[in-house]
Amino acid sequence: MAAGPFGALREQLTDAAATFAGSADALAGILAGIVDDVDRALGERLEIFPVCHHSPASALAMVRRLRHKQPKVIYLELCEDLQPLLGELRNCRLPVAVQAFASELDGFPAEWGPLSVVAPVTEASAEYQAIAYALETPGVELVLVDRSTDHVFQWSPRDDAGSTAATGPTGGTGPTDGTGPAAVTASTGGAGEQAALHGDAVGVEIGDLRPRFAELEAYLLHHGKVRHWSEWWDQYVERPLADVDHDTYRQVMVLIGSLFRRLRPAGSDRTERDEDRERYMWTRMREHLAASGADPADCLYVCGAFHAASRVAQFGLDSPAPDFEITPRTGTRWRYGLIPSSHSAIEAQFGLAPGSVSIAAATWTKAVSGSGLTPFRLDGQRGGKGRGRRKVAAVAAPTGPMADRLSGFLAAPPPLDGLDEAELRGWCVDIVRLARRNGYLASTADAIAVFETSILLAGLRNRARPTPYDFADAAVTCIEKDVVPGRRDVRRLCEILLGGDRIGQVGYDALPPLARDVLDRLQPLGLDLEKRTIGRALLDLHATPALAGCSDLLWMLRHLLPADAVRPIMGERRLGHRSIQESWDLALGRHQRALIELGYEGVTVEQVLEQRLRRAVRGTDATAAGALAAVEDAIRLLNSPRLVDELGTRAVELLATERTVDDAPEVLRRIRRLLAHHRATAPTLPAWCEAFVTTGYAHYCTLLPTAFVEEETGVRQVGAMLGFLFSMESLALSLGCDRSQLELAVAQSHPESPAKVALVWAARHQLGLLPLAELRGRCAELLANPLVVPAFPQYLSGFVHALEPVPGLAPFVVETMSTAFARLPDPVLLPWLPTLITTLRQHGPELVPMLVREAARTFPGTLPALDAWVPPWLAPAPTPIPSAVRVGPVEQVHTLLAAHPAAVDAVAGLLGCNAGWSTPLATPAGSPGSALVAAHPDTVEAVAALLGGG
């Protein structure tokens, strides 16, 4: 049997394996192996301090060890490139997360971007205590030794791009890291908005202790009589280790880490990444010791218990294995900063039970007050009373032989911790008070029931005293029952009571330049924008023109930040229009992470907006409609003619290369609006607008015959194409386009769908190839054909869409729809009505007002008039006037002019005809009216035609 302090324990476990397993091979190898791992880790010259993430027991043990040993160098398992940010923690209110962010990738797949890595920090964590000690103690050096954030993604598997793509704040999932599970979305747990504070970043944590052996975890949960892993860990590890000595703590933590490590499936990608991380860290530590000449006895290596039980060849300072070859970083440019975090965000990030981090924070606070320890804290730390550091004399680290503390700890029964009735009673009273505030019909009787049920549940689960989890289960049973009257259930109320979802905040001095610039520029509003509450800002730009800069900035932030961060209540910003009064709801403090990540992209909001607009039109999925939207945003928000011309030129290029017309309605709507804006604000159209019209005219003429016959192209898209061609025709022809191209495109279009056939008829009518009488006759033939009647509603849908390119058909569409309602049988008409309503609702802003106006002009306005009303298309044709009595056009014009002498005098004066009226007025010759008639014969003919003359 191998010698050493753990020889007896090793022999005892081997005998137990042979007795219970019937064989001393597999099980004995595991049990003896974990003892060997403990012996190896604790025998290393460089003291290894194993921790578990967000563990109060680890934090307490860290405080005790730091005050006892007072190390000169602390090696911390954290990404080495995050070290410059740690000093900024003193400007923040914990919890916060240290973040590395990259939007421009070099060396990674483009679909991964943007990349984001976060490392949450809470006060009740061993890593924060080590950081605070190192930064606030003179002569102490803190060295981060884990692989860089660039290597986090270098070591991520690339064969599964869908699961490894990190899409950053807008959505998606990030590559799984060896330090914890992949990021989860905000809807999977926590408190909704607070759980989304990390976005979809990859989480880095110190000391992930959870068995990756599903059967073992299920076994532990079942026999431990708990519901989830966080509760098991709190019951069987946290509480027993809270008051143990340093040696016992180290041996137990390494033992647990070794057990979980040996039970993990061998050869997995995650195991290989963890081993590479361990080789990386030991290589960095040996390099630092060699460069600095520090004494290993004055150093402390803080890492997860899983890594403390490492078996890689590079483990230890005296390892003969060569150093791990560290690959260079990629060309990706990383930006670093701090973002706010919360307890629920940490739980959602790392798959912890809801409320577990809040309970850990409450346990930490109670343990600190009960133990008399003074934890380390950064000077100026926000969010609590500053705790002075007690001056402790240096105490030499023990140099005696290591003793076996595991045997006694594993064999001894758990210490009995009596029931704290005062604490439990306070919980019960407070939860009833919270429940009543949230709409529950709770009373003193419910508080008594929760008290007794908590004790009962603890007894059923073999616990000496109720834990917070027992109390929460009892409260749900006794108070909630089966109804949740408000937005918070009882379990959420218990989390608030026991610790609350504490939300961190990044201080002004720790913000990136862009975020500070935003807060400075919005200072005239007089709001505290760092608060998490929603503030109402009122801007009277007419009375206070100086607020125009705030208004411009708010509209840009509205475009860049989430919708709830900056929300307009009154006022709008569109092309050619700016409101003189605006009202805003601002929640920048609640969306501080989004504002901080905006600062990673540039120095000012204008720069970021310009970059995003350029990126939107240069991407692989850019479209002409998207480019036109970017042009509108550039005009509305930036007022940069140079950028507008650049984006407009890109829109022309995108339109020329598109092979589909799916975005034709959007293109038509936006180019119409842009043309109207430029015509109203500039003497001439920009060159890119003219190029867009000519390119679009030729482009849509080319695609029109194909779009008519393709089933994938909808009626709306074809109608939008025709709308572009007909509405832009005059401008396109003036710019050199050929109308025969459009005529040929329409002539080559031979659709089979009834709706598209109606569109072709409308186009031919607009071109003058199909008179209205012939079009009316074709519709009459369709209604007279019994075989076509069931499909006639589709023709009507086509005519409705035809109002976009040919608005002059509105009277005919009203006529056709009225005729259809009158003649179509109910079995055909009634099923078609939902389609008609859907079509009108979809195209309501453009088409419905036109139809309503035309119907109001056509139909009588009163009910009595309806009885005697005859539709114009059914009224008899007027009797022609005989030629013998027909008045000539000149005489009609003379009569019209004589009836309005004042108007004639005014027009004659403008035209220089100063001759007076002849007497009598009925004799038109020699009058100003006669001069006008003689000088403008074409006008006379046009007016005569309007008056019905020959």
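Remember, it's a predicted structure, so these values are computed and weren't measured experimentally. (Residues numbered from 1 in each chain as written. Predicted model: local features only at pLDDT ≥ 70, side-chain atom pairs only at ≥ 80, totals over all residues. Heavy atoms only, no water.)

What to know about the overall build of the protein chain
At step 1: A tally of helices and strands in the protein chain yields 40 helices and 15 strands.
At step 2: Sequence separation of 24 or more characterises 75% of the internal contacts of the protein chain that already satisfy a separation of 6 or more.
At step 3: Accessible surface, the protein chain as shown: approximately 42700 Å² in total, 57% of it carbon and sulfur. (Helix = DSSP H or I, 4+ residues; strand = E, 2+ residues; numbered from the N terminus. Contact = heavy atoms within 4.5 Å. Areas by Shrake-Rupley, 256 points an atom, 1.4 Å probe, with all protein chains shown as cover.)

Regarding the side chain of Asp-146
At step 1: Examined against the element boundaries, Asp-146 turns out to sit in strand β6 (residues 141-146).
At step 2: Accessibility expressed as a relative area gives 0% for Asp-146, which makes it buried.
At step 3: Polar contacts involving the side chain of Asp-146 include one to the side chain of Arg-147, which spans 3.2 Å.
At step 4: If sequence neighbours within four positions are ignored, Asp-146 has contacts with Leu-76, Glu-77, Leu-78, Cys-79, Glu-80, Arg-277, Tyr-280 and Met-281. (Buried < 20%, exposed > 50% of the residue type's maximum accessible area, 1.4 Å probe, protein only. Polar contact = N/O pair within 3.5 Å; in protein donor to acceptor, adjacent residues only side chain to side chain.)

As for helix α19 (residues 513-521)
At step 1: Taken as a whole, α19 has its buried residues at Leu-514, Ala-515, Val-518 and Leu-519. Seen along its axis, α19 keeps its buried residues to an arc of 135°; they face one direction.
At step 2: The elements touched by buried residues of α19 are α20 (548-560), α21 (592-599) and α22 (605-618). (Arc of directions from axis to C-beta.)

With respect to the environment of Thr-649
At step 1: Within the element layout of this structure, Thr-649 appears in helix α24 (residues 641-657).
At step 2: Along the primary structure Thr-649 and Ala-687 are separated by 38 residues, whereas in three dimensions their C-alpha atoms are 8.6 Å apart.

As for the packing of aromatic side chains
At step 1: Applying the stated criterion to the full structure yields 19 aromatic pairs.
At step 2: Aromatic pair Trp-155 and Tyr-280: ring centres 6.1 Å apart, planes at 75°, arrangement edge-to-face. In this pair, Trp-155 sits in the loop between α5 (149-154) and α6 (161-164) while Tyr-280 sits in helix α10 (residues 269-292), placing the two residues 125 residues apart along the sequence. The burial state of Trp-155 is the same as that of Tyr-280; both residues are buried.
At step 3: Through successive ring pairs, a cluster of aromatic residues spans Trp-761, Phe-792, Tyr-795, Phe-799 and Phe-812.
At step 4: Taking the ring centre of Phe-376 as reference, the NZ or CZ of Arg-67 above it sits at 4.1 Å. (Phe/Tyr/Trp six-rings, centres within 6.5 Å; stacked < 30°, edge-to-face > 60°. Lys NZ or Arg CZ within 6 Å of the ring centre and 35° of its normal.)

Observations concerning a nonpolar patch on the surface
At step 1: On the surface, Val-907, Leu-910 and Leu-911 cluster together into a nonpolar patch covering about 310 Å² of accessible area.
At step 2: Its place among the elements puts Val-907 in helix α38 (residues 901-911). (Patch = residues over 30% accessible without salt bridge, like charges linked within 9 Å, V, L, I, M, F, W, Y side chains within 5 Å. Salt bridge = Lys/Arg side-chain N within 4 Å of Asp/Glu carboxyl O.)

A few points about the packing of helix α31 (residues 772-784) against helix α32 (residues 792-801)
At step 1: Relative orientation of the contacting elements α31 and α32 amounts to 155°, with a least axis distance of 10 Å. One element, α31, and the other, α32, form an angle in the roughly antiparallel class. Two packed elements cross with a definite hand, and for α31 against α32 that hand is left-handed. Note on element contacts: α32 touches α31 through Phe-792, Tyr-795 and Phe-799, opposite Leu-775, Cys-779, Leu-782 and Leu-783. (Axes fitted to C-alpha atoms, helices over the stretch in contact; angles between N-to-C directions. Parallel < 35°, antiparallel > 145°, perpendicular 65-115°, else oblique. Left-handed = near helix turned anticlockwise from the far one by under 90°.)

Section: the pairing of strand β15 (residues 581-586)
At step 1: Counting buried positions along β15 yields five of six residues, so the element is predominantly enclosed.
At step 2: Here strand β12 (residues 566-570) runs beside β15; their pairing, made up of four bridges, is antiparallel. Residue pairing in the sheet places Pro-568 in a bridge with Trp-584 of β15. (Pairing = 2+ DSSP bridges.)

Re the pattern of salt bridges
A side chain with one charge may pair with a side chain of the opposite charge, provided their charged atoms come close.
At step 1: Taken as a whole and judged by the stated rule, the model has 42 salt bridges.
At step 2: In this structure, Glu-47 and Arg-65 form a salt bridge, with 2.8 Å as the shortest nitrogen-oxygen distance. Placement of the pair is Glu-47 in strand β1 (residues 47-51) and Arg-65 in helix α3 (residues 56-69), with a sequence separation of 18 residues. No difference in accessibility class separates Glu-47 from Arg-65, as the two residues are buried.
At step 3: Close ionic contact of Glu-632 with Arg-670 constitutes a salt bridge, the shortest N to O distance being 2.9 Å.

A few points about the sheet that holds strand β8 (residues 299-304)
At step 1: The strand order β1-β8-β2-β6 describes an open sheet built from four strands, whose pairing is parallel. In this open sheet, the two edge strands, each paired with only one partner strand, are β1 and β6. Going across the sheet, the axis of each strand differs from the next one's by a mean of 30°, ignoring polarity.
At step 2: Two strands pair when backbone bridges link them, and strand β2 (residues 73-79) and β6 are joined in this way by five bridges, in the parallel orientation. If you follow Leu-76 over to β6, its bridge partner there is Leu-144.
At step 3: Relative to β2, helix α4 (residues 126-136) is tilted by about 135°, and along the sheet it contacts β1, β2 and β6.

Quick notes on the side chain of Glu-582
At step 1: Summarising the element assignment, Glu-582 is placed in strand β15.
At step 2: Although buried, Glu-582 forms no salt bridge, and the nearest oppositely charged side chain, Arg-573, lies 4.5 Å from it.
At step 3: Engagement of the side chain of Glu-582 in a polar contact is seen with the side chain of Ser-551, the distance being 2.8 Å.
At step 4: Reaching out from Glu-582, the side chain makes a polar contact with the side chain of Trp-555 at a distance of 3.1 Å. (Lys, Arg positive; Asp, Glu negative; His and termini not counted.)

Notes on the confidence of the model for the protein chain
At step 1: Put simply, the protein chain has an average pLDDT of 79, and 81% of its residues get 70 or more.
At step 2: Of all helices and strands in the protein chain, the one with the weakest mean pLDDT is α6 (39), whereas helix α23 (residues 624-638) scores best (92).
At step 3: For residues 386-399, every residue scores under 50 in pLDDT, and the model assigns this stretch 24 contacts once sequence neighbours within four places are set aside.
At step 4: Counting interchain partners and residues more than four positions distant, the pLDDT-below-50 stretch residues 920-925 has six contacts. (pLDDT = per-residue confidence, 0-100.)

A short note on unusual backbone geometry
At step 1: At the junction of Leu-94 and Pro-95, the peptide bond is cis and its omega measures out at 5° in the coordinates.
At step 2: Mapped onto the fold, Pro-95 is located in the loop between β3 (92-93) and β4 (96-102).
At step 3: Look at His-54: it is not a glycine, yet its phi comes out positive at around 50°.
At step 4: In this fold, His-54 is placed in the loop between β1 and α3.
At step 5: His-54 sits in the buried class, given a relative accessible area of 8%.

Some thoughts on α24
At step 1: End to end, α24 covers 25 Å across 17 residues, agreeing with the expected 24 Å (1.5 Å per residue, within 8%).
At step 2: Inspection of α24 places Leu-643, Val-644, Leu-647, Gly-648, Arg-650, Ala-651, Val-652, Leu-654 and Leu-655 among the buried residues, and these make up the whole buried set. (Expected span 1.5 Å × (residues − 1).)

As for a negative patch on the surface
At step 1: Residues Glu-710, Glu-711, Glu-712 and Glu-752 make up a contiguous surface patch of negative charge.
At step 2: Assignment of secondary structure puts Glu-712 in the loop between α26 (687-709) and α27 (715-727).
At step 3: Residue class for Glu-712 comes out exposed when judged on its relative accessible area of 67%. (Charge placed at Lys NZ, Arg CZ, Asp CG, Glu CD.)

What about the environment of Gly-599?
At step 1: Tracing the sequence through the fold places Gly-599 in helix α21.
At step 2: Relative accessible area serves as the criterion here: at 10%, Gly-599 is assigned to the buried category.
At step 3: A sequence separation of 87 residues divides Gly-599 from Pro-512, and the C-alpha atoms of the two residues are 5.7 Å apart.
At step 4: With sequence-adjacent residues up to four places away left out, Gly-599 is seen in contact with Pro-512 and Leu-514.

Overview of the nonpolar core
At step 1: In this structure, Leu-522 and Phe-692 are the most contacted members of the largest nonpolar core, which totals 203 residues.
At step 2: Element by element, the count of residues in this core is highest for α26, at eleven residues.
At step 3: Discounting residues that sit within four places of it in the chain, Leu-522 has contacts with Leu-529, Cys-550, Leu-553, Leu-554, Leu-557 and Leu-588. (Core = buried A, V, L, I, M, F, W, Y, C linked by side-chain atoms within 4.5 Å.)

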